[in-house]
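Tertiary structure, described
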Amino acid sequence: MRSVGTLGIGLWLAGPIIWATHFIIVYASESVACTRLDADSHSLIAGIATIIALASIAFIAVRSRAGRFRDTAFLRTTALTMNLLAFLAVTWAGIAAVLLPSCTGVG
Amino acid sequence: MTSTAERETAELPNPLPRPRDELRRLQAVWAIPEGWRILSAVNNSVIGYFYIGAAFLFFVLAGVLALLMRVQLAVPGNLFLDQESYNQIFTMHGTVMMFLFAVPAVEAMGVLLLPQMLGARDLPFPRLGAFAFWAYLVGGLVFFSTLFFDMAPSGGWFMYPPLTGSRFSPGTGADFWLLGIGFIEISAIAGAIEIIVGVLRTRAPGMSLDKMPIFAWTMLIFAVMIVFAFPAVILATMMLELERAFDWPFFIPDRGGDALLWQHLFWFFGHPEVYIIFLPAAGMVSMIVPTMAATPLVGYRLIVVALIATGFFSFGLWVHHMFTTGIPAMSLGFFSAASMAVSVPSGIQVFSWIATMAAGRLRITAASLFVLGFLFIFTLGGLTGVMVAMVPFDWQAHDTYFVVAHFHYVLVGGMVFPLFAAFYYWAPAFSRRALSERLGKIAFVLMFVGFNIAFFPMHIAGLIGMPRRVYTYPAGLGWETPNLASTIGAFMIAAGVLVFLLDLIRHLRPTVGASAGNVWNAGTLEWLENDVHAARSVPFVESRDPLWEDARLSADVHKGRYYLPGTVTGRRETIVTSAILAEPQYVVRLTGPGWAHLLAAIFTAAFFLLLTVKLVTAAIICGAVAIACVVAWAWDTDSPSAGDVDIGGGIRLPTYAVGAASHSWWAMIILMAVAGALYLSYVFSYLYLWTVRPQDWPPIAPLASHAGWIASAALLCISAAALWASGRSIRAAVPRLWLTVGLTVVGLLTLLLGLGADVASHWLAGLRPQHSGYAALVFTAGFLQAEIVAAVCIMGIFACVRILVGLTDGRRSVVFDNMVLLWGYGLGQGALGLLLTHGFPRLGM
């Protein structure tokens with residue numbers, strides 16, 4: 001195992017960090033969109049955020065196989081698995097955000 | 001990896017025979033104070049024992065409260081407890097179990113086990129750990145005894161306003177909760193800082209992150225989660241206390257506050273809290289299963305991933321506690337999906353343990369039985385967790401006994417059973433005798449069967465409509481049978497705990513130097529022959545289970561053939577290594593026994609508790625004494641360099657480090673992360689209230705003039721310039737220390753004035769914190785900034801005095817550097833506060 005530096009640790013945790021960012025954007029934008037804009041704009045924001053998040057996770061996952069973590073099986077496999085889990089979690093939450101109506105209560 | 005055979009020919013770092021008095025000197029510097037002076041001890045093994053003992057005491061006390069509740073509910077219409085007593089008891093049961101038992105218990109296990117497991121002599125800040133323990137013990141005991149004076153809180157462990165506001169809870173009970181628990185959380189954070197730095201910086205050489213025991217991983221993630229989760233509830237308790245004491249209406253809807261804000265802040269802490277408790281317990285299981293199955297853990301990497309993913313995902317679930325509060329449909333679906341996502345990493349861990357058991361042959365010991373019990377109960381709790389993550393089901397089950405059953409399956413299954421497994425597993429490492437397998441198995445059967453008899457019927461009681469927190473119920477609703485069963489089960493659990501206590505009395509003989517030893521044939525370093533100074537020498541680690549890989553390791557370590565076999569500076573010391581690869585960097589000298597940290601803990605507790613009963617003058621005096629004690633304690637912690645020292649194997653290490661290499665720098669950065677998380681929770685509160693109550697924002701409310709923020713920003717700029725210049729002057733080729741002191745004083749004064757200008761501008765514009773939720777939040781920015789400024793000023797005065805008496809200079813600069821870090825943070829927070837309270841309302845949205 002070799003040292004990867006602060007940026008390396010950030011890249012290693014990229015999947016969960018992107019998940020968290022996506023989460024905050026989708027959740028926070030609902031309150032703002034519903035009070036200041038309209039419901040459709042939130043579905044659009046959530047959809048775009050989800051696509052960007054998924055694309056970034058996939059990009060980083062593919063790149064990290066060859067890049068900084070090439071020499072270290074531990075960092076490579078753990079980074080890849082975390083990306084996989086984050087991809088799943090973003091898809092899961094993203095689908096709910098895009099498909100369900102924004103700004104309305106239930107029933 | 002070097003095999004054992006190659007190893008025999010290889011040179012170990014230190015030759016035999018070792019000098020005659022080396023061991024004696026090592027033992028002398030680590031000696032535990034005798035008699036009643038043991039209260040001044042700071043060593044992790046002594047504090048670890050105390051800590052676990054105290055946590056277990058609170059477990060028993062809160063368990064007794066549970067029994068009282070079960071007696072009351074055994075039959076319908078029971079008159080054993082009146083309603084108010086019952087409310088106090090269930091509030092205290094939940095609060096004590098969560099804050100005074102669960103978190104401290106796992107933190108205690110970390111304090112006791114981590115140094116030995118990582119090959120360190122002690123944790124990096126022994127007095128801080130001792131301070132955290134004493135503060136918790138004193139605060140916790142006083143908090144618990146409020147029950148005896150009918151002064152205990154009665155608003156439930158999550159303390160929802162408006163019920164807990166001054167209108168509906170006028171007594172001091174809620175204040176005891178807010179100040180008492182808020183303060184115990186501070187102690188948890190102190191422990192978390194110590195654990196993070198300990199895990200990342202004091203591992204044995206060679207123990208890179210991929211060779212670290214899973215328990216250390218879980219403690220690291222546990223501590224990081226505390227750093228980000230606890231500030232949210234600290235802010236919430238602060239705000240509710242400000243509302244109760246000074247009428248700042250954060251949570252009063254009639255006056256521009258919002259009661260749901262409390263729920264957001266509380267559950268942003270409260271949900272991760274469940275995993276904060278569970279992860280270390282899972283870490284203990286990951287240590288016990290491989291030993292009992294005599295095979296390495298299957299899926300080490302997957303477990304690390306699962307732990308990190310759980311750490312992240314658990315922060316995205318808090319709204320699932322609020323499904324019935326009328327939030328929009330999309331949020332419901334969004335949080336429901338996130339709640340289900342977190343079950344994936346938990347599932348990974350469960351399958352890894354099952355695979356490990358399948359790969360080896362599980363010895364059926366008391367410890368493994370508790371682990372099996374954990375797997376069964378926790379998995380059931382996880383399944384009902386997926387059920388309540390479904391919004392339609394949650395609407396039916398919310399606030400019924402179904403939820404009570406669910407979270408007891410998760411928490412007792414996920415934390416209490418692993419903890420008992422851990423007691424049976426690790427007792428031989430810390431006691432002259434192992435605990436009794438026979439009594440352990442009896443305790444397990446009673447607890448396991450009792451638990452299921454007690455809690456399974458609660459699912460049914462809940463589904464047929466029994467709400468939680470009712471102090472009695474009428475006959476004829478079908479609730480009698482499940483309730484009577486629950487009561488019988490509860491007493492069976494108690495009987496199991498009694499058997500365990502009997503086992504402790506008969507067999508536990510705490511020791512630091514003569515333990516029963518590695519009776520399970522485990523593979524990790526805590527099973528080396530330990531003494532008060534931990535292992536005799538610090539091994540070089542080349543695998544995850546070093547004792548299995550190298551049969552001679554234990555003997556060689558004990559003979560002193562590895563690193564640092566004695567004391568090289570005549571003081572307590574441990575090796576500081578790099579965070580990822582664990583390469584040796586320097587030898588840090590640790591603090592020994594003392595009284596200042598103990599007094600500081602007692603007076604800090606007194607400060608908070610006296611505030612509760614409104615004895616303000618006495619409280620302020622105690623607060624001042626506490627600060628004086630902290631200063632006295634910190635005075636001799638920054639020892640000057642003792643030159644380079646030889647730890648063996650041709651490795652010479654410095655004895656002083658500054659900047660990012662210093663362990664002290666890391667602790668300061670983590671403290672800043674705590675402060676940052678607290679401030680971000682505040683920013684969230686401000687923006688949240690704006691989205692639900694925009695009508696209270698300017699122009700309706702008075703807005704401070706431009707002059708206010710300009711003056712404040714200018715003062716912050718001057719302070720920043722002074723900060724930069726003082727840093728340069730202390731490191732100049734020809735240091736002018738008077739200049740450094742002068743610049744520091746100017747910088748601190750302008751920081752203070754910047755805060756004053758900000759607050760004054762709002763005040764002069766006619767805004768008062770009592771006006772509305774908005775106004776209260778504006779002044780909260782000043783309140784939070786004042787806390788940081790006060791801390792920076794104390795540290796600044798401390799640094800200046802040390803510079804003037806020649807104890808701090810450009811080389812021996814840790815005290816100054818730490819002050820500079822927090823000062824820089826304070827400038828950033830001040831600037832963000834200006835942007836938020838002066839800039840945001842001007843956006844005109």
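Analysis parameters
Residues numbered from 1 in each chain as written. Chains lettered and ligands numbered in written order. Predicted model: local features only at pLDDT ≥ 70, side-chain atom pairs only at ≥ 80, totals over all residues. Heavy atoms only, no water. Salt bridge = Lys/Arg side-chain N within 4 Å of Asp/Glu carboxyl O. Helix = DSSP H or I, 4+ residues; strand = E, 2+ residues; numbered from the N terminus. Buried < 20%, exposed > 50% of the residue type's maximum accessible area, 1.4 Å probe, protein only. Axes fitted to C-alpha atoms, helices over the stretch in contact; angles between N-to-C directions. Parallel < 35°, antiparallel > 145°, perpendicular 65-115°, else oblique. Contact = heavy atoms within 4.5 Å. Nonpolar A, V, L, I, M, F, W, Y, C, P; charged D, E, K, R; others polar. Left-handed = near helix turned anticlockwise from the far one by under 90°. Expected span 1.5 Å × (residues − 1). Pairing = 2+ DSSP bridges. pLDDT = per-residue confidence, 0-100. Buried area = accessible area lost by both parts, 1.4 Å probe.

Here we take up the pattern of salt bridges. Residue and element names in this part refer to chain B. Applying the stated rule across the entire model yields 13 salt bridges over all chains. Its salt-bridge partner being Arg-244, residue Asp-175 comes within 2.8 Å of it at the nearest N-O pair. On the criterion of sequence distance, the pair formed by Asp-175 in helix H6 (residues 173-201) and Arg-244 in helix H7 (residues 214-246) is long-range, its members being 69 residues apart. Residue Asp-175 is classed as buried on the basis of its relative accessible area, which comes to 2%. In this structure, Arg-693 and Asp-696 form a salt bridge, with 3.2 Å as the shortest nitrogen-oxygen distance. One network of salt bridges, in which partners are shared, links Arg-18, Glu-22 and Arg-536.

Another point: the packing of helix H10 (residues 329-341) of chain B against helix H11 (residues 343-359) of chain B. Residues and elements named next belong to chain B. At a minimum axis distance of 5 Å, the contact between H10 and H11 shows a crossing angle of 10°. The orientation of H10 with respect to H11, classified from their angle, is roughly parallel. Here Ser-339, Met-340 and Ala-341 of H10 come into contact with H11, specifically with Ser-343, Val-344 and Pro-345. Residue classes in the contact of H10 with H11 are distributed as four nonpolar, two polar and no charged.

All names here are of chain B. Among the structural elements, Leu-599 can be located in helix H19 (residues 596-612). Leu-599 sits in the partly exposed class, given a relative accessible area of 38%. Along the primary structure Leu-599 and Ile-651 are separated by 52 residues, whereas in three dimensions their C-alpha atoms are 40 Å apart.

Let's shift gears to the packing of helix H20 (residues 616-635) of chain B against helix H24 (residues 773-804) of chain B. Residue and element names in this part refer to chain B. Remark: H20 packs on H24, axes separated minimally by 12 Å, with the N-to-C direction vectors making an angle of 40°. Judged by the inter-axis angle, H20 sits oblique to H24. In this structure, H20 meets H24 at a crossing whose hand is right-handed. Contacts from Ile-627, Val-631, Ala-634 and Trp-635 of H20 reach H24 at Ile-794, Phe-798, Val-801 and Arg-802.

To continue, consider H20 of chain B. The periodicity of an α-helix, 3.6 residues per turn, causes residues three or four positions apart to be oriented the same way. The end-to-end C-alpha separation of H20 of chain B is 29 Å, in line with the 28 Å expected for 20 residues at 1.5 Å each. Buried residues along H20 of chain B sit against helix H5 (126-145) and H19 of chain B.

Another aspect to go through is the pairing of strand E1 (residues 573-577) of chain B. Residue and element names in this part refer to chain B. Extensive coverage of E1 is indicated by the burial of five of its five residues. Across five bridges, E1 lies against strand E2 (residues 584-589) in antiparallel orientation. By the bridge assignment, Thr-577 is partnered in E2 with Pro-584. Here E1 folds back onto E2, and the loop between the two strands holds six residues, one of which, Ala-582, carries a positive phi near 60°.

The subject of this paragraph is the confidence of the model for chain A. Scored by pLDDT, chain A comes out at a mean of 84, with 88% of its residues at no less than 70. Least confident of the elements in chain A is helix H1 (residues 5-12) of chain A, whose mean pLDDT is 79; most confident is helix H4 (residues 73-99) of chain A, at 89.

Time to look at the interface of chain B and chain A. Contact residues are listed per partner, giving 38 residues for chain B and 39 residues for chain A. When chain B packs against chain A, close to 3400 Å² is buried across both sides, 84% of that on carbon and sulfur atoms. Elements with a contribution of two residues or more to the side of chain B that touches chain A: helix H9 (300-313), H10, H11 and helix H21 (663-692) of chain B. Looking at the side of chain B that touches chain A element by element, the count peaks at 11 residues for H10 of chain B. For the side of chain B that touches chain A, the residue count by class is 30 nonpolar, six polar and two charged.

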